[in-house]
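Okay, here's what each chain looks like letter by letter:
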2 protein chains.
Amino acid sequence: MASPHTSIRHDRDSVARTALALLDEVGLADLSMRRIAARLDVQPSALYWHFASKQELLAELSDRITATIDAPGPDVVATARAIRDALFTHRDGAELVLSTYALRLGSSRAQSALARALTDAGADDADDRAAALLQFVLGHATLVQQRMHADSYGALPADGPHDATAGLDRIFDLGVNALAGVTHSPTLRD
Amino acid sequence: MASPHTSIRHDRDSVARTALALLDEVGLADLSMRRIAARLDVQPSALYWHFASKQELLAELSDRITATIDAPGPDVVATARAIRDALFTHRDGAELVLSTYALRLGSSRAQSALARALTDAGADDADDRAAALLQFVLGHATLVQQRMHADSYGALPADGPHDATAGLDRIFDLGVNALAGVTHSPTLRD
DNA sequence: ACCTGAACACCGTTCAAGT
DNA sequence: ACCTGAACACCGTTCAAGT
């Protein structure tokens, strides 16, 4: 085993992996450079050898989250679900991707996957639909994850007449179907 | 005029109004309790007489932003536009409302306005559609405002083949129409 | 009723210097 | 190539004490 006095050297990958694991433990609001450094047994300033800023580190985490999306082919609904599930894989994943998204508009792999599926499905405005669909998925997933967090803290205002989390899957499907252009007769008849 | 040595006393309203004005100047990321206090010529601790926490202050700002939505009747698209415009009225308005939204799911005035319009339009699943619609509007508006901010800092990766901001209105209309249940022929060409 | 002063436990980031 | 140590300019929040 390694001697306890031998400090372990890190690289970009190990820093990002540790940060992603810490994200799941503490959430985005408490994911500080100092905490990540402490987890790596390193001074905070050491992180700046690997990443120019916290923003750059968060962008890397966002890329890793969206990189796990496997394009399931021409099924638009399945693609949207795959994106949502990738966001749900890590705590506050949707908020992180959303907050990091502004820079690379249109070039994201998530949006490209949707655009491809929509093109295969015969949509004439695939790019616009893909953009709208992704905006819906990000908004939806962000709110769902926020609500999960609020619930676990008991900060919710007493569940009300009907359970709120229960209908979220239904709302997601409704939104995706509508945006995908699924009409009441979804199959092409010619 | 008031003597320069006479400190002005504040209340909940004046603190919130100052914070909202400061939001437009510095943005959500730089809206700190200490900055708000400085603008009010007051110690940071003074704010905690009026608001229990920063979170509570931000929730108040969010309420003030959404309170300006005037329900324009049974037109779903017009209602969605009114919500988007209210979010755009203040810098980072969409992100602020989105981040504050988890606690009061379903009870928001924005969602209620959409649900009313959808019911009037004869939708059988008005509540679900209203939720999906609001999630799309929040996702869309958050990304648009982020992009505006990124653009003004020159952090954008060279505009690419076609201008990215130009198509945003088109994408918004496409999304709202699809989610509102508007079937084909939205454009009048005849 | 509303605010000050002082403290506590934190932040992100820079930079010379070490190995 | 990767990290330490020290510093700088900040954070949100609490609480006794003042007026």
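Residues numbered from 1 in each chain as written. Chains lettered and ligands numbered in written order. Predicted model: local features only at pLDDT ≥ 70, side-chain atom pairs only at ≥ 80, totals over all residues. Heavy atoms only, no water.

Let us now look at the overall build of chain A. Within chain A, the secondary structure is distributed over nine helices and zero strands. Reading chain A from its N terminus to its C terminus gives the helix and strand order α-α-α-α-α-α-α-α-α. For chain A, the proportion of its 190 residues judged to be buried stands at 46%. Taking as baseline every contact in chain A between residues at least 6 positions apart, the subset at least 24 positions apart corresponds to 68%. Here chain A displays about 10,100 Å² of accessible surface, and carbon together with sulfur accounts for 52% of that area. (Helix = DSSP H or I, 4+ residues; strand = E, 2+ residues; numbered from the N terminus. Buried < 20%, exposed > 50% of the residue type's maximum accessible area, 1.4 Å probe, protein only. Contact = heavy atoms within 4.5 Å. Areas by Shrake-Rupley, 256 points an atom, 1.4 Å probe, with all protein chains shown as cover.)

The partner chain A presents 31 residues to the 31 residues of chain B that form the contact. Buried surface at the junction of chain B and chain A, summed over both partners, amounts to about 2,900 Å²; 70% is from carbon and sulfur atoms. Ranking the residues of chain B by area buried against chain A places Gln-135, Leu-143 and Leu-174 of chain B at the top, with a combined share of 22%. At the junction of chain B with chain A, the criterion picks out two salt bridges. The partner of Arg-170 of chain A in a salt bridge is Asp-128 of chain B, and the shortest N-O contact between them spans 2.2 Å. The interface formed by chain B and chain A holds six residue pairs in polar contact (both at pLDDT 80 or more) in total. When residues of the side of chain B that touches chain A are traced back to their parent elements, those giving at least two are helix 6 (93-99), helix 8 (126-152) and helix 9 (168-180) of chain B. In terms of residues, the side of chain B that touches chain A owes the most to one element, helix 8 of chain B, which gives 14 residues. (Buried area = accessible area lost by both parts, 1.4 Å probe. Salt bridge = Lys/Arg side-chain N within 4 Å of Asp/Glu carboxyl O. Polar contact = N/O pair within 3.5 Å; in protein donor to acceptor, adjacent residues only side chain to side chain.)

Right, let's talk about unusual backbone geometry for a bit. Residue Asp-92 of chain A is not a glycine yet carries a positive backbone phi of 60 degrees. Residue placement: Asp-92 of chain A occurs in the loop between helix 5 (76-88) and helix 6 (93-100).

Okay, the relation of the copies chain B and chain A next. Once chain B has been moved 0.0 Å along the axis and rotated by 180 degrees, it coincides with chain A to within an RMSD of 0.0 Å. Within this description, the copies of the chain are treated as partners about a two-fold rotation axis. Comparing interface residues between copies, 97% of those in chain B also lie at the interface in chain A; the contact surface is shared. (Least-squares fit on C-alpha atoms with pLDDT ≥ 70 in both.)

Here the focus is the protein's contact with DNA strand C. If you check the shell around DNA strand C, you find 17 residues, and the closest are Arg-34 and Tyr-48 of chain A together with Gln-43, Ser-45 and His-50 of chain B. In DNA strand C, the atoms that sit within 4 Å of the protein are 53% sugar and phosphate, with bases accounting for the remainder. Within the contact set of DNA strand C, a phosphate oxygen lies 2.8 Å away from a backbone nitrogen or oxygen of Lys-54 of chain A. One nitrogen or oxygen atom from the side chain of Trp-49 of chain B is found 3.4 Å from a phosphate oxygen belonging to DNA strand C. Here the element with the most residues in the surface near DNA strand C is helix 2 (residues 33-39) of chain A; it accounts for three residues. Within the surface near DNA strand C, the residues separate by chemical class into six nonpolar, seven polar and four charged. (Near = heavy atom within 4 Å. Nonpolar A, V, L, I, M, F, W, Y, C, P; charged D, E, K, R; others polar.)

What follows concerns the pattern of salt bridges. Residues and elements named next belong to chain A. Here the structure, examined in full by the defined rule, presents 22 salt bridges over all chains. A salt bridge links Arg-84 to Asp-169, with the shortest nitrogen-to-oxygen separation between them at 3.6 Å. A residue pair is termed long-range when its members are at least 10 positions apart, and Arg-84 in helix 5 and Asp-169 in helix 9 (residues 168-179) qualify at 85 residues. Several salt bridges converge on common partners, so that one network encompasses Arg-12, Asp-13, Arg-17, Glu-56, Glu-60 and Arg-64.

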